[in-house]
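An overview of the molecular structure
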Amino acid sequence: MSNEYKLIGKDFVPPDITGKVTGKAKYAEDFRADGMVFARMYTSPMAHGKVTSINTEQAEAMEGVVGILTAEDVPEVTAPDAAILTNTPAYIGDPILAIAAETEQICEDAMATIEVEIEPLPFVTDPLDSLVDGGPNARTEGNAYARSREGSGFQTIKWSQQQVDDFRAGKEPTGDFVSEWSYGDLDNSFAEAELVIEEPFVTIGYAHMSMEPRTAMAYWQNGTCYVHGSSQSQSYFMPGLARMLGVETKDVVLISENTGGGFGSKIGAYPIAALPGYFSKKIGRPVQLRVTREQEYYMGSARVGFQGWIKMGFGADGKITASDVFIIEDIGPNATGGDASSAGGAISMVYDPSAMRFRGLPVLTNTTPRGAQRGPGQNQIAAVMAPIMDKAAKVLGIDRVEIRKINSTNNDTIVYADRRPVTSAYMDEALQQGADMFDWQNRKNQPKKKGKKVRGLGVGQGYHSAGATGFDGLVRLTPDGKLHIHSGVGNLGTYSFASTSRAAAEVLKCDWERCEIHRGNTENHLPWSSYQAGSVTIFSHTRTNYVAAMDALDKMKRIAAQTMGGEPGDYDIDGQRVFLIEDPAQGMSYGAIAARAIQLGGDYSGAVYPDDIHEITQRAVQNIAGSGLIGVAKDNLHQEGVIPGLAVAFCEIELDLETGKYDILDYVGIAECGTVIHPKGLAQQMKGGAVWGMGMAGLERHVYDPQNGLPANIGYHQCGIPTYLDVPSVTKTDAVNIADPQNPFGARGIGEPAMGCSVAALQSAISDALDGHIFGRTPISPDMVVNHVMGRDQSFLPLQTNNF
Amino acid sequence: MNPQLSRRRFIKAVIASSVAAASTSGINQAAAQGNRPRGSVERLISININGQTRRVDVAPQETLAYTLRYKLGLTGTKIGCNRGECGACTVLINGVTNYSCSTLTHSVRTRTVRTVEGLQAPDGTLHPVQQAFIDELSPQCGFCTPGQVMSAVALLEETPQPTREEARQALSGNLCRCGAYDHYLNGVMRASGQNS
Amino acid sequence: MASFDVMPEVQLFQPAELDDALKLADELGSDGWLLGGGQDTYGWLKDRAKQPRAMIDLNGIEALQGIRKTDDGMEIGAATILRDIIRNEDINRDYSLLSQAASRVASPQIRNVGTLGGNLSQDTRCWYYRRGLDCYRAGGNICYADGPQSMNREHAVIGASRCVAVSPSDTATALLALDATMVAENTEGQRVLAAEDFFVGPNTHITQMTALKPGEILSAIRIPKKWASQRFYWEKVADRDVWDFALVSIAVSMAMDGNKIADSRFVCGGVACTPHRLTNVEQAVRGRTLSNESADAVAPLASEGCKPLNYNHFKLPLMENLVRRAMRG
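What you see as residue numbers is a count from 1 along each chain, following the sequence as written. Chain letters start at A and ligand numbers start at 1, both assigned in the order the entries are written. The model is predicted, so local features are restricted to residues of pLDDT at least 70 and side-chain atom pairs to those at 80 or more, both for listing and for counting; the totals for chains, interfaces and linings are taken over all residues.

All right, on to the overall build of chain C then. In this text, helices come from DSSP runs of H or I with a minimum length of four residues, and strands from runs of E with a minimum of two, each type numbered from the N-terminal end. Secondary structure summary: chain C contains 13 helices and 12 strands in total. For a compact globule of 329 residues, the expected C-alpha radius of gyration is about 20 Å, and chain C comes in at 19 Å, within 12% of that figure. Referenced to the eigenvectors of the C-alpha coordinate spread, the extents of chain C come out at roughly 60 × 50 × 35 Å. Whether two residues are in contact is decided by their C-beta atoms, placed from the backbone, lying within 7 Å. Contacts in chain C between residues at least 24 apart in sequence constitute 64% of all its contacts with a sequence separation of at least 6. Radius of gyration here uses only the C-alpha atoms, and the compact-globule reference equals 2.2 Å multiplied by the residue count raised to the power 0.38.

Right, let's talk about the overall build of chain B for a bit. Of the regular secondary structure elements, chain B holds six helices and five strands. If you list the helices and strands of chain B from N to C, you get α-β-β-α-β-β-β-α-α-α-α. By residue count, 57% of the 196 residues in chain B fall in the buried class. Sequence separation of at least 24 residues holds for 57% of the intrachain contacts in chain B that already meet a minimum separation of 6. To sort residues by burial, count the other C-beta atoms lying within 10 Å of each one's C-beta; a count of 20 or more means buried, 12 or fewer means exposed, and anything in between means partly exposed. C-beta atoms are built from the backbone.

On to the interface of chain A and chain C, then. Every contact between the two is made by 41 residues of chain A and, on the other side, 31 residues of chain C. For the side of chain A that touches chain C, the secondary-structure elements that each account for two or more residues are β1 (37-43), α3 (104-111), α9 (293-299), α21 (716-719) and α23 (782-789) of chain A. For this scheme, ten residues count as nonpolar: Ala, Val, Leu, Ile, Met, Phe, Trp, Tyr, Cys and Pro. Four count as charged, namely Asp, Glu, Lys and Arg, and the remainder, Gly too, count as polar. Within the side of chain A that touches chain C, the residues separate by chemical class into 16 nonpolar, 15 polar and 10 charged.

As a further point, take the domain arrangement of chain B. All names here are of chain B. Throughout the structure description, domain borders are defined by an automatic or database domain assignment. Per the domain assignment, the segments making up chain B are domain 1 (44-118) and domain 2 (128-191). Distance between the C-alpha centres of domain 1 and domain 2: 20 Å. Between domain 1 and domain 2, the residue contacts involve 15 residues of the former and 13 residues of the latter. Elements with a minimum of two residues in the side of domain 1 that touches domain 2: β3 (90-93) and β4 (96-99). For the side of domain 1 that touches domain 2, the element with the highest residue contribution is β3, accounting for three residues. Looking at side-chain class alone, the side of domain 1 that touches domain 2 contains seven nonpolar, seven polar and one charged residues.

What follows concerns the sheet that holds strand β10 (residues 248-257) of chain C. All names here are of chain C. Spatially, the four strands line up as an open sheet ordered β9-β10-β11-β12, and their pairing is antiparallel. If you trace the sheet from one side to the other, it starts and ends with β9 (231-237) and β12 (276-277), each paired once. Two elements, β9 and β10, share seven bridges in a ladder whose sense is antiparallel. Each bridged residue has a counterpart across the sheet, and for Phe-232 the counterpart in β10 is Ser-253. In this analysis, axes come from line fits to C-alpha atoms, helices being fitted only over the stretch in contact, and the angle between any two N-to-C directions falls in the range 0 to 180 degrees. Across the sheet, helix α5 (residues 96-103) touches β9 and β10, and the angle it forms with β9 is around 15°. Two strands pair if DSSP finds at least two bridges between them.

Residue and element names in this part refer to chain A. Here the residue pair Ala-79 and Pro-80 is connected by a cis peptide bond, since its omega of 10° sits within 30 degrees of zero. Inspection of the secondary structure assignment puts Pro-80 in the loop between β3 (65-70) and β4 (95-101). At the junction of Thr-778 and Pro-779, the peptide bond is cis and its omega measures out at -5° in the coordinates. Here Pro-779 shows up in the loop between β33 (777-778) and α23. Even without being a glycine, Tyr-416 presents a positive backbone phi close to 70°. Within the secondary structure layout, Tyr-416 lies in the loop between β17 (414-415) and β18 (420-421). Tyr-416 sits in the partly exposed class, given 19 other C-beta atoms within 10 Å. Non-glycine residue His-525 carries a positive phi angle of around 60°. Summarising the element assignment, His-525 is placed in the loop between β23 (515-518) and α16 (537-564).

All right, on to the nonpolar core then. Residues enter a nonpolar core if they are buried, belong to Ala, Val, Leu, Ile, Met, Phe, Trp, Tyr or Cys, and are joined to the set through C-beta atoms within 7 Å. Formed by 442 residues in total, the largest nonpolar core has its most connected members in Ala-98, Ile-99, Leu-241 and Ile-593 of chain A together with Ile-56 and Val-323 of chain C. With 11 residues, α16 of chain A is the largest single contributor of residues to this core. Not counting the four nearest positions on each side in its chain, Val-323 of chain C is found in contact with Ile-250, Phe-266, Leu-278, Val-281, Val-298, Ala-299 and Ala-302 of chain C.

Before going further, it helps to spend a moment on the sheet that holds strand β13 (residues 287-290) of chain A. All names here are of chain A. Strand order in the open sheet made by the seven strands is β3-β4-β1-β13-β10-β11-β12, with mixed pairing throughout. Only two strands of the sheet have a single partner each, and these edge strands are β3 and β12 (252-255). Across the sheet, the mean angle from the axis of one strand to that of its neighbour is 20°, orientation sign disregarded. With five bridges joining them, strand β10 (residues 215-221) and strand β11 (residues 224-228) adopt antiparallel strand pairing. In the sheet register, Met-217 faces β11, and the bridge partner there is His-228. Relative to the sheet, α3 contacts β1, β3 and β4, its axis offset from that of β1 by approximately 30°. Contacting β11 and β12, helix α7 (residues 237-245) crosses the sheet at an angle of about 125° to β12.

Residues and elements named next belong to chain A. Sheet topology places strand β24 (residues 571-573) next to strand β25 (residues 577-580); three bridges connect them, and they run antiparallel. Following the sheet pairing, Tyr-571 is matched in β25 by Leu-580. Inspection of the sheet shows β25 paired to strand β26 (residues 587-589) by three bridges, in the antiparallel sense. Paired with Val-578 across the two strands is Met-588, which belongs to β26.

Right, let's get into the packing of α5 of chain C against helix α9 (residues 170-177) of chain C. When two helices pack together, their arrangement is given by the angle between the helix axes and by the axis-to-axis distance. Residue and element names in this part refer to chain C. The interhelical angle for the contact between α5 and α9, taken along N-to-C directions, is 170°, at an axis separation of 8 Å. The orientation of α5 with respect to α9, classified from their angle, is roughly antiparallel. Here Leu-97, Leu-98, Ala-101 and Ala-102 of α5 lie close against α9, whose contacting residues are Asp-170, Thr-171, Thr-173, Ala-174, Leu-175 and Ala-177. Every angle not falling under 35 degrees, over 145, or within 65 to 115 is termed oblique; those three ranges are roughly parallel, roughly antiparallel and roughly perpendicular.

As a further point, take the pairing of β1 of chain A. Residues in a regular strand point their side chains to alternate faces of the sheet. Residue and element names in this part refer to chain A. Burial within β1 is extensive, with seven of its seven residues counted as buried. A two-sided burial pattern is seen for β1, the buried positions comprising Val-37, Ala-39, Met-41 and Thr-43 on one face and Phe-38, Arg-40 and Tyr-42 on the other. Across three bridges, β1 lies against β13 in parallel orientation. Within β13, the residue paired with Ala-39 across the bridge is Leu-289. Alignment of β1 against β4, held across six bridges, turns out to be antiparallel. Counted as the bridge partner of Phe-38 is Ala-101 from β4.

For the rest of this paragraph, the subject is the interface of chain B and chain A. Listed by partner, the interface residues are 48 residues for chain B and 53 residues for chain A. Broken down by secondary-structure element, the contributors of at least two residues to the side of chain B that touches chain A are α1 (8-33), α3 (128-135), α4 (145-158), α5 (164-170) and α6 (181-191) of chain B. Taken together, the residues of the side of chain B that touches chain A break down into 24 nonpolar, 15 polar and nine charged.

Residues and elements named next belong to chain A. If you check which residues of α7 are buried, you get Phe-237, Met-238, Leu-241, Ala-242, Met-244 and Leu-245. Summarising the axial view, the buried residues of α7 lie within an arc of 160°, below the 170-degree limit, and thus occupy one face. Contact partners of the buried residues in α7: β11, β12, α8 (271-283) and α19 (615-624). After α7 finishes, the residue Gly-246 shows a positive phi value of roughly 75°. By arc we mean the arc of the directions from the helix axis to the C-beta atoms, nothing more.

Residue and element names in this part refer to chain A. The geometry of α7 relative to α8 is characterised by a closest axis approach of 9 Å and an angle of 50° between their N-to-C directions. What the angle tells us is that α7 and α8 run oblique. In this structure, the crossing between α7 and α8 has a hand that is right-handed. When α7 is examined against α8, the residues Leu-241, Met-244 and Leu-245 are found in contact with a partner set consisting of Pro-271, Ala-273, Ala-274 and Gly-277. Two helices crossing with the near one rotated counterclockwise from the far one by less than a right angle form a left-handed crossing, whereas a clockwise rotation gives a right-handed crossing.

Residues and elements named next belong to chain A. Examined against the element boundaries, Pro-276 turns out to sit in helix α8. On the neighbour-count criterion, Pro-276 (30 C-beta atoms within 10 Å) is buried. Separated by 31 residues in sequence, Pro-276 and Leu-245 have C-alpha atoms that sit 9.7 Å apart. Once residues within four sequence positions are removed from consideration, Pro-276 is found in contact with Ala-39, Ala-216, Met-217, Ala-218, Val-287, Gln-288 and Leu-289.

Pasting the structure below:
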């Protein structure tokens, strides 16, 4: 496409924003259905156990109670997968049963009468406590779970007390692990290194805590289950939801116009989204399940925690020769993770060691279930790496930005174990742009100490793969001349469903005012779209909308040629008309073209469609066939190599040595995500990501009492979500804005690196303020700083996790 | 290690619901006979919401968020935590920000309540804060937005030209998990006619 | 395990006169729940962890409202909201320690309804206790926070007895440093308690935080003239700067004689089950000037007698550092 875009790279008013500021935007809980009853869940009070009896007699006898749903009413799943309801709870808060009643208050009154007896089983809240010889297993089947293409399954892995102690002491782990990958000659590369740094590290997991406690409401009509849900994705949510409901995808309608945050916790269907469907079927009435904030903590997912060890080799010139990383990942009770290997991949991408080895050990705990959380793996390791890079720079006498530039990812970088190319990458440019904007050179020469306050400068880098392919695009031109863009992308609040829809309008040169986006409800005839996650939407759906629009354009020209003579190639478009290039006066309006498409039928009107599109898209096309000119295609555009989303951040903090608190005085974030599609949307992602990084760096963590498995932070207050006053009033952002060759508009995604660079920059700044001290831990809380400054021991054991 | 923690909450709840049920019937009877205990409350009350007097049957223990959302259909007010820990339910009572999840509806009988639904002009024109939040692309997921809007409105009514720091303090009781704070502050400054 | 968040059925009384409120409080006894701003009420009730039969809403009682100058200083009605205290000119002029502390309570919305009496009477935030466990404070016979591996970073370092929870109130710390007295009334009459007697530890009453008896209502807080417009120091260290309770806070009043400290009150919050007076520091600073030397000399006394738990020994240097800062001048 040309550089002179009409819509791409321009700000606009997304169609859903007005509803958000007026309160008219409807979230799942805002819907009601005739005859609807309210459901609430009863969950496990025990970290691990086996339900031996459930007594609901008293509840059922209460006036207004409509029904009870237990594990017997829903499909049984195999451990370690999460069930809708279970009789073998594996964490405090694991759903056991649900009650439906005429009002929520009756529901709660009934809930208070439920008696459930649970036979306790061993439990564990820290992977190392499970790993040590004789330690408890989080599941009766084992304490580790490996997922791989070759096969998945439980394992029981134990380390000797000595091995655990050595690991805590910062030594290279010598115990068993379950996965490994490597490239290059590790031993030689370390041998060549001028400097070798070894560090143990902990990143404690923490809850997503989206603002909207997830609600689902469901009812059945003529064999179709209607679900009002809280979902990050729209179309992508469907197959999983149908599978959980035990029906075909065509028999589910998902309405999810707005979602109050997800951050990875609502990518695909989650079990309780299917609960009201079963309940509704059982009692014959619409059922709405609302969860409390406490329950949102329990089952709303959480970041995987890391306990690890890393060894990095540097040449005298600062070039990284080798990296060896070992990560134990806390995969909760449902063995949901994979963050560790992604972290290894991120090292390969961002720091480009000549040789590398990754070893991973996913360990189960009886803590809240884990899942993807904004940069799962990449952002934990970003935090770990920043102070290590700083230390290397200091020892080697290289500027801290410079050492990152020396190792920066570029168009020739080859990444991951399978040594793949990247589509494009401009880390060096991002670092330079950020350093200039932040005035790094000048700032680093300013005095550091002012009384009991110390300034610290930080630089951080973030990465996440940022694109997927193979999804479908669907557009429709109607006789009124309007362009309808059908989007199955979810509404997570990034506005990317809208900004990617503009790609179709761009191709067809339509005024944005003449375009309408259809979304948010299966019945709006939505194509198969990507998950609204993994930083993929911008890349993936500028492509799908491009191919769908190109299909439409092709058909428009063919119709013009068929109607007015000549070849399709003789025609061009101007946004309102298809015209003869040689005589622009001759042409047809878009509306006339659409009307003609309906008359002609076939692929013009959607009666015929490509056979490689997804069944969800096929149904959408079938339903709108004959209503206009249909542009529909699967994204089969060329794609090879890893699509990187990169970001860098610079920050300055003022750390109070006496209280352990710090103020973030300045923050600059630079996105390297190809062409900027939506400037304000990008700024918003970079700034929101910055806030997330600040939360991870200093505030957020799981806290479990290992004696009973009780979580301490079940509410917003204890979870420590950053407030207005914990983050800078102004955060500055910009973008490198160099087009990627594998996207028709040059764009890649950014949501996740936006956070990784932030947590890394803060860890870097804290270390800088404390003369290069490496805590090797997130979050770094005021008590840790005070203890360090005063020369006191920390309260926790080295590498301890899920604790204060 | 004893995983079998007893939950007092559970046991006491059984007792409590029976007590509560008994006492409620007591109130209703007393009310019907016209000799309610001195100071006890009537259920059918009038409240002034968004400039209109609404007559509504309100239980003694009912929170304002509950009344607004489930009895008056004003679902713009969101419940994020129901604990006064997030601010999504922020409304104005006599012009001052309150968490409606942590306010008894009976306590607003003599006061005026404003919610996000009451900000637009009769012709549909958006309130300057709403318009500025659109212009600055302030919301992300939008769930906290009505609360942020209400805090901003309260600030600007008292301090039409706040500094950015004043805005930051005024909105600090509103959590945004998306981290859109910077954009909200830009919106407040724009709504006050100042450069952000 | 049930999870509740809807208000259960409970009666509500909204008396307009203090006498009516006192009668209700007397009749209901421990079945009654005094309602100020309610910000430490609704959570307990929604959780069904506290089961009062009725709430007695004190906000409509004029006698409990207002900030008045008296012959000996100032009197603040217990139902006065924190917002009004923060904005009151007289308080800001004479007792800025209180307005500073009040302005760091929770969040703006909570300060807009939270009353001074409520802030002083609020229950501890021990997370085990708040979960509704059967601990000492809840009438049981165990402390979950004091186990060998308990998560007790926020708990007490001094003055604990069986229960290791801490006083969460920011205004309590300030009022103790201002030598305030509390007026408690019941149907029989009123009694006036020194702030130090008003806040009680587990040794005195393990299930309550104040000396208020069932049927008693805190009606007013009196601040003596003695400390008006003296030198104050206030600081609160918390994880987040909104909502969070103090990890450690300090409230200091100092009467200066020239450049020397003639008299002082040093009070720490977040370290004990009551606001904790640092009497040894108070003695040590008498006659000293404000200086780095004084700061370093007296700071170590701040943590004397402290017995930290597993996760909170950082509170000791933090207490010392806050004293240091108060003494630097």
